[in-house]
Amino acid sequence: MTQSSPVGTGSPGGDVAVAKGSRLNLWLRDALPVVLAFLVFVGLWQLGIVIFKPKPFIVPGPLDVWGAFGEHGASLLESTLITLRATAIAFILSALIGAAVSFVLTSVPILYKAVFPFTVVFQSVPVIVFVPLLLTWFGIGLPSIIAVAVIISVFPIIANTAIGLRSTDASLKQLFQLYGANPWQSLFKLRLPAALPYFFTGLRIAAGASVIGVVVGEYMAGMASTKGGLGFLVVESASRLQMAKLAATGLCAAALGIGFFLLVGYVSNLFLRSWHESARAEG
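Residues numbered from 1 in each chain as written. Predicted model: local features only at pLDDT ≥ 70, side-chain atom pairs only at ≥ 80, totals over all residues. Heavy atoms only, no water.

Student: Where do I start with the environment of Leu 192 in this structure?
Tutor: Inspection of the secondary structure puts Leu 192 in helix 8 (residues 183-221). Leu 192 gets classed as partly exposed once you look at its relative accessible area, which sits at 33%. Sequence separation of Leu 192 and Phe 103 is 89 residues, and the distance between their C-alpha atoms is 9.5 Å. (Helix = DSSP H or I, 4+ residues; strand = E, 2+ residues; numbered from the N terminus. Buried < 20%, exposed > 50% of the residue type's maximum accessible area, 1.4 Å probe, protein only.)

Quick look at the structure:
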């Protein structure tokens, strides 16, 4: 008689199940403290509301915020989708512009020395300085909102990608020159692969910054209509002293920023993993 092997040992399917189970346990171990801390914060918040009994238009309680989600759920969802659309456009433009500018800067050494320091300086300039100029150029509405978000999110991509393009090992450069590689071969087979981790690091930073930029742009240069994004809801809720709705809007913005950051991080890790695997296969 043949003796059957135990499930999950000695078989690829069992190994995959064990790997998935270990990843799930790891995720639960990392997520559980965050969830517990959030629940403790909400509990202390509600306890403070019960003890001190502030007016809802001054400090809303968790139940008030939950009620705002139920009362204004449709408008919150619509505004979140509007902000998400503007964020996606601004993020894609920032990625394209940042990659192109960093490539040009690193291709011309004297241009890099002259211009790159200004990319660091511009990151410390408050974006509100550019808003009057952007309103003059693009007017009130989506173009100005996207421009504000691009200004906030493009510089991390430029800085990280430029550093990655310049961090190629000198011995590898000499090896490529020894074998007679042309500039395009050196770019696509040496410099760009070395810069990919830096580029994706810039994308992760820009993912959160683009959400912040869009909300700030909607707040300062948003559309004066009933179909604005989350920044418009911030202005509307604050002007009407609807603090519970304001808090719900802030939570939607936070969830959008966290979700967009995690999505970009997941895609980046997936791309880098597949790229490393294909590079090992070719080698």
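Student: I would appreciate a short explanation of the side chain of Ser 210 in the present structure.
Tutor: Summarising the element assignment, Ser 210 is placed in helix 8. Relative accessible area serves as the criterion here: at 0%, Ser 210 is assigned to the buried category. In this structure Ser 210 touches Thr 87, Phe 91, Ala 149, Ser 153 and Phe 260, once residues within four positions along its chain are discounted. (Contact = heavy atoms within 4.5 Å.)

Student: Help me understand the packing of helix 3 (residues 73-107) against helix 6 (residues 142-166) in this model?
Tutor: For any two helices packed against each other, one specifies the inter-axial angle together with the distance between the axes. Between helix 3 and helix 6, whose axes approach to 6 Å, the crossing angle comes to 40 degrees. Relative to helix 6, helix 3 is oriented oblique. Crossing geometry of helix 3 relative to helix 6 is assigned as right-handed. Residues belonging to the contact of helix 3 with helix 6 are distributed by class as follows: 19 nonpolar, six polar and two charged. (Axes fitted to C-alpha atoms, helices over the stretch in contact; angles between N-to-C directions. Parallel < 35°, antiparallel > 145°, perpendicular 65-115°, else oblique. Left-handed = near helix turned anticlockwise from the far one by under 90°. Nonpolar A, V, L, I, M, F, W, Y, C, P; charged D, E, K, R; others polar.)

Student: Even after reading the chapter, I still don't get the pattern of salt bridges, so can you show me in this structure?
Tutor: Here the idea is simple: oppositely charged side chains can pair when their charged atoms come close. Under the definition given, this model contains two salt bridges. A salt bridge links Arg 240 to Glu 236, with the shortest nitrogen-to-oxygen separation between them at 3.7 Å. Of the residues examined, Arg 240 reaches a relative accessible area of 54% and is grouped as exposed. In this structure Glu 236 comes out as buried when scored by relative accessible area, which is 18%. (Salt bridge = Lys/Arg side-chain N within 4 Å of Asp/Glu carboxyl O.)

Student: How should I be thinking about helix 2 (residues 62-71) in this particular structure?
Tutor: Where helix 2 is concerned, the buried positions are Pro 62, Val 65 and Ala 68. The arc that holds every buried residue of helix 2, seen down its axis, measures 115 degrees, which confines them to one face. Opposite the buried face of helix 2, by more than 90 degrees, sit the exposed residues Leu 63, Trp 66, Gly 70 and Glu 71. (Arc of directions from axis to C-beta.)

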